Amino acid sequence: MLVAAAVCPCPPLLVPELAAGAAAELDAARAACTDALGVLAAARPDLLVVVGPAQESGHGTYAEGTPGSFRGFGVDIDVRLGQAEDDAATAPVPSERLLPSSLAVAAWLLERTRWSDAPIEGLGVGEPLEVERCMEIGRDIAARAERVALLVMGDASACRTLKAPGYLDERAAPFDASVARALGRADVAALKALDTGLARDLKASGRAPWQVLAGAGEEAGLSGALLYEDAPYGVGYLVAAWS
């Protein structure tokens, strides 16, 4: 059963070395992510599943110890999703089996908070994944162990300003506000009801991961708290904790 969840944004700019001189702009977001991960640790889970957007048309799993890298963003930083077995730590990994960037950011957050509270698994979900399939995946995750925690990565709209990656779309702010309310209230019905077409138009990478969370949380009866809400680069970043 799901006992706790943390929702965090997944821009690589959360890693200060990537943001360079602008790193301070996301200090509040990093602090909120740390607080959200603290809620996960306090729940004493038997299993932590990290869910984030990926390029797959469906979904793909990543074992504990899978490496990720920010070298593609011009910074010599490598991460791992939890602890690797001794032999796996030195074995070469094909590039297609590296963590997607969303899960690499999650791995960085977990390393930053020195997570050691439970085994970790990763799941990358593709944007086209249908709502009911997301919900089904979430239900399956919740049934994996007696006490399951989720770290859910994903951004809201990328259309909040003229300089945003998706340019300005007047639908973006109301969409982000509706997601913020749903996450802050642990409202699984509202997350399930998110408009997939609108989310796609607004380049909201978190839609599928949030709906996986909705499936996992259906029977959990958790309460939510919204810890951070802003759009510093014209992209909606949200941090929430469920417990």
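Before any of the text, the structure's been laid out above.
Residues numbered from 1 in each chain as written. Predicted model: local features only at pLDDT ≥ 70, side-chain atom pairs only at ≥ 80, totals over all residues. Heavy atoms only, no water.

Moving on, we get to helix α5 (residues 131-142). Compared with the 16 Å implied by 1.5 Å per residue over twelve residues, the 17 Å span of α5 between its first and last C-alpha is a close match. All buried positions along α5 are accounted for by Val 131, Cys 134, Met 135, Ile 137, Gly 138, Ile 141 and Ala 142. With its buried residues spanning 160 degrees around the axis, α5 presents them on a single face. (Helix = DSSP H or I, 4+ residues; strand = E, 2+ residues; numbered from the N terminus. Expected span 1.5 Å × (residues − 1). Buried < 20%, exposed > 50% of the residue type's maximum accessible area, 1.4 Å probe, protein only. Arc of directions from axis to C-beta.)

By volume, the largest pocket is sized at about 510 Å³. Contributing to the lining of the largest pocket are 25 residues, with Cys 10, Pro 53, Gln 55, Ser 101 and Ser 205 lying nearest its centre. (1 Å grid on protein atoms, 1.4 Å probe; cavity = no way out; pocket = protein on both sides within 12 Å on 5 of 7 lines; lining within 4 Å. Points joined across faces, edges and corners; volume = space filled by probe spheres on them.)

Let us look at the pairing of strand β8 (residues 224-230). As defined by bridge partners, β8 adjoins strand β9 (residues 237-242) across six bridges and the pair is classed as antiparallel. Paired with Glu 229 across the strands is Leu 238, a residue of β9. (Pairing = 2+ DSSP bridges.)

Following the criterion strictly, the structure yields one aromatic pair and no others. Aromatic side chains Phe 70 and Phe 73 sit 6.4 Å apart centroid to centroid with 45 degrees between the ring planes, which places their arrangement in the tilted category. (Phe/Tyr/Trp six-rings, centres within 6.5 Å; stacked < 30°, edge-to-face > 60°.)

Where α5 contacts helix α9 (residues 207-217), the two axes come as close as 6 Å, and the packing angle between them is 50 degrees. Taken as axis vectors, α5 and α9 run oblique relative to one another. Like other packed secondary-structure pairs, α5 and α9 cross with a definite hand, here right-handed. In this structure, α5 contributes Val 131, Cys 134, Met 135, Ile 137, Gly 138, Arg 139, Ile 141 and Ala 142 to the contact, and α9 contributes Arg 207, Ala 208, Gln 211, Val 212, Ala 214, Gly 215 and Ala 216. (Axes fitted to C-alpha atoms, helices over the stretch in contact; angles between N-to-C directions. Parallel < 35°, antiparallel > 145°, perpendicular 65-115°, else oblique. Left-handed = near helix turned anticlockwise from the far one by under 90°. Contact = heavy atoms within 4.5 Å.)

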